[in-house]
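Chain by chain, the residues:
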Amino acid sequence: MATIHIADADAARAAIPALCEVLADCINGGASLGFMLPFTPEDATGYWGQVAEEVATGRTILALAELEGRVVGTVQVGLATKPNQPHRGDLMKLLVHRSARGHGLSRLLMDAVEAEAARRGRTLLVLDTATGSEAERIYPRFGWERVGMIPEYAMWPDGGFCDTTLFYKRIDSYALPGASS
């Protein structure tokens, strides 16, 4: 049975070792996530420490997926802080450990983080993902709209350029579970 929850700063810090494992597994599986090979779980410690601090300051929403008490997936929304963007958030790093795929965790994580973003006043989310990746194929199924593609935006973990595809999704409080329309 999967459990999805929005992490506070303490939960984010406690989850760092497991999050390091998830990130390393995804990168070693070929996901373009901003890091290069070789990549070990230890290499991810600083990154997840920074995310935990952003959760503590309220700049980031962090959702965690657990199976049998083990963190096996995550997604984040960075909350835009510029005065002209109080309605926007950036979806980042939807990750599910390869051993935990096939349980619908991506959808559960997305539903949870989108609902939390709406609770925090966000009405527009944006993301970018590697063109041609498994991730690019999943977002339209979750109601995201493809905007376009930027060539040679980043690199695959083993080298070589990859294009990125941009998506957006409008979210509103009416989309929250239990909200009336």
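Just above, that's the structure.
Keep in mind that what you see is a predicted model, and the values were worked out from it rather than measured.

Let us now look at the packing of helix α2 (residues 16-28) against helix α3 (residues 45-56). With their axes 9 Å apart at the nearest point, α2 and α3 run at an angle of 125° to one another. Classified by the angle between their axes, α2 and α3 sit oblique to one another. Of the two elements, α2 crosses α3, and the hand of that crossing is right-handed. Contact residues: α2 offers I16, L19, C20 and L23, while α3 offers T45, Y47, W48, G49 and A52. Partitioning the contact of α2 with α3 into residue classes produces 7 nonpolar, 2 polar and no charged.

The next point concerns a nonpolar patch on the surface. Together, M36, M155 and F161 line one region of the surface with nonpolar side chains, adding up to about 300 Å² of accessible area. Tracing the chain through its elements places M155 in strand β6 (residues 145-155). Residue M155 is classed as partly exposed on the basis of its relative accessible area of 37%.

The omega torsion of the bond from L37 to P38 falls at -5°, within 30 degrees of zero and hence cis. As for its position among the elements, P38 is in the loop between α2 and α3. The backbone of K93 shows a phi angle near 50°, a positive value even though the residue is not glycine. Tracing the sequence through the fold places K93 in strand β4 (residues 88-96). Here the phi dihedral of E152 falls at roughly 50°; this positive angle occurs in a residue that is not glycine. Considering the arrangement of structural elements, one finds E152 in strand β6. Judged by its relative accessible area of 51%, E152 falls in the exposed class.

Moving on to the packing of aromatic side chains. One pass over the full model with this rule turns up 5 aromatic pairs. Taking the centre distance of 4.9 Å and the plane angle of 75° together, the rings of Y47 and W48 count as edge-to-face. Across the pair, exposure class does not vary: Y47 and W48 are buried alike. Through a chain of ring-to-ring contacts, the aromatic side chains of F35, F39, Y47 and W48 assemble into a single cluster.

Here we take up the sheet that holds strand β3 (residues 70-79). Picture the strands of a sheet paired through backbone hydrogen bonds; they go either parallel or antiparallel. Spatially, the 7 strands line up as an open sheet ordered β1-β2-β3-β4-β5-β7-β6, and their pairing is mixed. Two strands in the sheet have a free side with no partner beyond their single neighbour: β1 (2-6) and β6. Taking the axes of each pair of neighbouring strands and ignoring which way they run, one obtains an average angle of 25° across the sheet. Inspection of the sheet shows β6 paired to strand β7 (residues 161-170) by 7 bridges, in the antiparallel sense. Looking at β7, one finds that R146 is bridged to F167. Docked against the sheet, α2 engages β2 (60-67), β3 and β4, running at close to 85° with respect to β3.

Definitions and cut-offs
- Numbers given to residues run from 1 along each chain, matching the order in which its sequence is written.
- pLDDT decides what is reported in this predicted model: residues at 70 or higher carry local features, side-chain atom pairs at 80 or more are listed and counted, and totals for whole chains, interfaces and linings draw on all residues regardless.
- Excluding hydrogens and water, the side-chain figures rest on all heavy atoms present in the structure.
- Throughout, an axis means a line fitted to C-alpha atoms (over the contacting stretch in the case of helices), and angles, computed between N-to-C directions, take values from 0 to 180 degrees.
- Numbering of helices and strands runs from the N terminus, with a helix taken as a DSSP run of H or I at least four residues long and a strand as a DSSP run of E at least two residues long.
- The scheme is simple: roughly parallel for angles under 35 degrees, roughly antiparallel for over 145, roughly perpendicular for 65 to 115, oblique for anything else.
- Here a crossing is called left-handed whenever its near helix is offset anticlockwise from the far helix by less than a right angle, and right-handed whenever the offset is clockwise.
- Contacts between residues were defined by any pair of non-hydrogen atoms, one from each residue, lying within 4.5 Å.
- Each residue receives one of three labels: charged for Asp, Glu, Lys and Arg, nonpolar for Ala, Val, Leu, Ile, Met, Phe, Trp, Tyr, Cys and Pro, and polar for the others, Gly being one of them.
- The residues that make up patches have over 30% relative accessible area and no salt bridge, and they are joined within 9 Å when like-charged or within 5 Å when they are Val, Leu, Ile, Met, Phe, Trp or Tyr.
- Note on areas: Shrake-Rupley with a 1.4 Å probe; residue coverage comes only from the protein chains shown.
- Any Lys or Arg side-chain nitrogen located within 4 Å of an Asp or Glu carboxyl oxygen qualifies as a salt bridge.
- We call a residue buried when its accessible area falls under 20% of the maximum for its residue type, exposed when it is over 50%, and partly exposed in between, using a 1.4 Å probe and counting protein chains only.
- Each Phe, Tyr or Trp ring, with Trp reduced to its six-membered ring, pairs with another whose centre is within 6.5 Å; inter-plane angles below 30 degrees give stacked pairs, above 60 give edge-to-face pairs, and intermediate values give tilted ones.
- Strands are treated as partners if at least two bridges between them are detected by DSSP.

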